[in-house]
Amino acid sequence: MATGKILAGFLAPHPPHLVYGENPPQNEPRSRGGWEPLRWAYERARQSIERLKPDVLLVHSPHWVTQVGHHFLGVPHLSGKSVDPIFPNLFRYNFDLTVDVELAEACCEEARAAGLVGKMMRNPKFRVDYGTITTLHMIRPQWDIPVVGLSANNSPYYLNMEDGLGEMATLGAATRRAIERSGRRAVLLASNTLCHWHFHEEPAIPEDMSREHPQSYDGYLWDMRIIELLRQGRTREVFELLPDFIREAFAEVKSGAFTWMFSAMGYPEMPGELHGYGTVIGTGNAVMEWDLTRVA
Ligand SMILES: [Fe+2]
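Residues numbered from 1 in each chain as written. Predicted model: local features only at pLDDT ≥ 70, side-chain atom pairs only at ≥ 80, totals over all residues.

Caption draft 1: Representation of the overall build of the protein within the structure. Looking only at helices and strands, one finds 9 helices and 10 strands in the protein. Its C-alpha radius of gyration of 18 Å places the protein within 12% of the 19 Å reference for a compact globule of 296 residues. Projecting the C-alpha coordinates of the protein onto the three principal axes gives extents of approximately 55 × 40 × 40 Å. Per-residue burial over the protein gives 48% buried out of 296 residues. Restricting to contacts in the protein with at least 6 residues of sequence separation, those with at least 24 account for 83%. (Helix = DSSP H or I, 4+ residues; strand = E, 2+ residues; numbered from the N terminus. Rg over C-alpha atoms; globule rule 2.2 N^0.38 Å. Buried ≥ 20, exposed ≤ 12 C-beta atoms within 10 Å, placed from the backbone. Contact = placed C-beta atoms within 7 Å.)

Caption draft 2: Geometry of the nonpolar core. Ranked by size, the top nonpolar core spans 79 residues in total, and within it Phe10, Cys107, Ile139, Val148, Leu189 and Ala190 carry the most contacts. Apart from the residues within four sequence positions on either side, Phe10 is in contact with Ala45, Ile139, Val187, Leu189, Ala190, Met288 and Glu289. (Core = buried A, V, L, I, M, F, W, Y, C linked by C-beta atoms within 7 Å.)

Caption draft 3: Region of interest: the pairing of strand β9 (residues 273-280). Pairing between β9 and strand β10 (residues 283-291): 7 bridges, direction antiparallel. Residue pairing for β10: Val280 is matched across the bridge by Thr283. Where β9 folds back onto β10 in an antiparallel hairpin, the turn is made up of 2 residues, including Ile281, whose phi is positive at roughly 40 degrees. (Pairing = 2+ DSSP bridges.)

Caption draft 4: View of helix α4 (residues 130-139). Buried residues dominate α4, accounting for 10 of its 10 residues. Considered for burial, the residues of α4 that qualify are Tyr130, Gly131, Thr132, Ile133, Thr134, Thr135, Leu136, His137, Met138 and Ile139.

Caption draft 5: Seen up close, the pairing of β10. Most of β10 is tucked away, with 8 of its 9 residues classed as buried. Pairing between strand β1 (residues 5-11) and β10: 4 bridges, direction antiparallel. Note that in β10 the partner of Gly9 across the bridge is Trp290.

What follows is the structure, encoded as structure tokens:
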């Protein structure tokens, strides 16, 4: 069996509004569109997935919270209805997905071998969280590529931030070893928003884009600074700034997916491709790609 490898990583945020704006048949609520620049950004990312043809998509979501350890979807086939608890008016999605259980088990084993608490999720009726579903739908709406879902232990919120993010880096390295062992050609998805300052009231028409803009100018400036560094491939500087960015912009990358992905990729100092940026209820969202096949 050939050694597996990570083909690419994507920053792939999960505002359910993007699914709502698209009106796929799986989602019950109907809209008149909205958030087009971000949805068009995902269209570009979808073309990259089509070109890369990965065997598996791995996604780490902040909204599958497991306080004891890092959990992995471990049921071959999962279906049901995923509802966003904050926006049930926008996201009630009938999902149907296939899990690469063999790779998930390898990820769990490698995480344990690295000293982390790892657990396989074996509940056949498990309701997959909206973060996982939104990211996967936006990147591959055909649902024809098996997935590995990783939970958020959220250790950066309970430990101090540096130790918590250090644990996510360990999880990333473990994930890479599991992928290499498995022979899979994998794509990683970090399901994170950048600046997470948001509005507290929803417009009467949620997709009324005359009401959509950054909630915080300082947060917007932080997002532009981080994106510009990522576009230039200055990864080391981004990770030096990350704790300040998280503190000042309330950035969702604190939940660890971004660190997990970059650790798994070996922190490449390569320019990230920005597919697009936009706000959702005032939060900053970038769809970005790091195509490792271009440097291999
Ligand atoms: Fe979120």
